[in-house]
Amino acid sequence: MTDTIADYLTRVRNAIKANHRIVEIPASNLKKELTKILLEKGYILNYKFEDTENKQGLIKIALKYHPETKQSAIRGLDRVSSPGLRKYAGTERLPRVMNGLGVAILSTSKGIMTDKEAKKHHIGGEVLCYIY
């Protein structure tokens, strides 16, 4: 597999469509940072990092649904930059997702962060995905 972030987003998207409560994803440091941002922004309930026999490990994510309408907190997950076509944004051209209601996740020289954090630190980077 060449695009692990697209695989991560697809697993979460498929679990939401199937109304699963928990989704399991093979771990990596980048995926762990993405998961932490999802929890920090309120898109998921909780997560747990587990070690497996192989060194890779596993991320278990508890998805968040509205108690009455049963709709997911995550409406959409869009991959922006791919291994074949990288998309970069400078400080002046950081994307706004759904007029500020969504989150753009960037890979910067200071680590993985949201568009609002990158704007605050005045740095740009590779736009990984949009979450709304």
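Residues numbered from 1 in each chain as written. Predicted model: local features only at pLDDT ≥ 70, side-chain atom pairs only at ≥ 80, totals over all residues. Heavy atoms only, no water.

A closer look at unusual backbone geometry
With the exception of glycine, most residues fall at negative phi, and the peptide bonds are largely trans.
Here comes step 1: The backbone of Asn19 sits at a positive phi, close to 55°, despite the residue not being glycine.
Here comes step 2: Residue position: Asn19 is located in the loop between α1 (4–17) and β1 (22–26).
Here comes step 3: Here Asn19 falls in the exposed class, since its relative accessible area comes to 52%.
Here comes step 4: Here Met98, not a glycine, exhibits a phi torsion of approximately 50°, which is positive.
Here comes step 5: Within the secondary structure layout, Met98 lies in the loop between β5 (88–89) and β6 (103–108).
Here comes step 6: Residue classification places Met98 among the partly exposed residues on the basis of a relative accessible area of 47%. (Helix = DSSP H or I, 4+ residues; strand = E, 2+ residues; numbered from the N terminus. Buried < 20%, exposed > 50% of the residue type's maximum accessible area, 1.4 Å probe, protein only.)

Points about the environment of Thr114
Here comes step 1: Checked against the element boundaries, Thr114 lands in strand β7 (residues 111–114).
Here comes step 2: By relative accessible area, which is 1% here, Thr114 ends up buried.
Here comes step 3: Separated by 43 residues in the primary sequence, Thr114 and Gln71 place their C-alpha atoms 24 Å from one another.

A short note on the packing of aromatic side chains
Here comes step 1: Following the criterion strictly, the structure yields one aromatic pair and no others.
Here comes step 2: Plain terms: the ring middles of Tyr47 and Phe49 are 4.9 Å apart, the flat faces sit at 40° to each other, and that makes the pair tilted.
Here comes step 3: For Phe49, a relative accessible area of 32% translates into the label partly exposed.
Here comes step 4: We note Lys32 situated over the ring of Phe49; from NZ or CZ to the ring centre the distance is 5.2 Å. (Phe/Tyr/Trp six-rings, centres within 6.5 Å; stacked < 30°, edge-to-face > 60°. Lys NZ or Arg CZ within 6 Å of the ring centre and 35° of its normal.)

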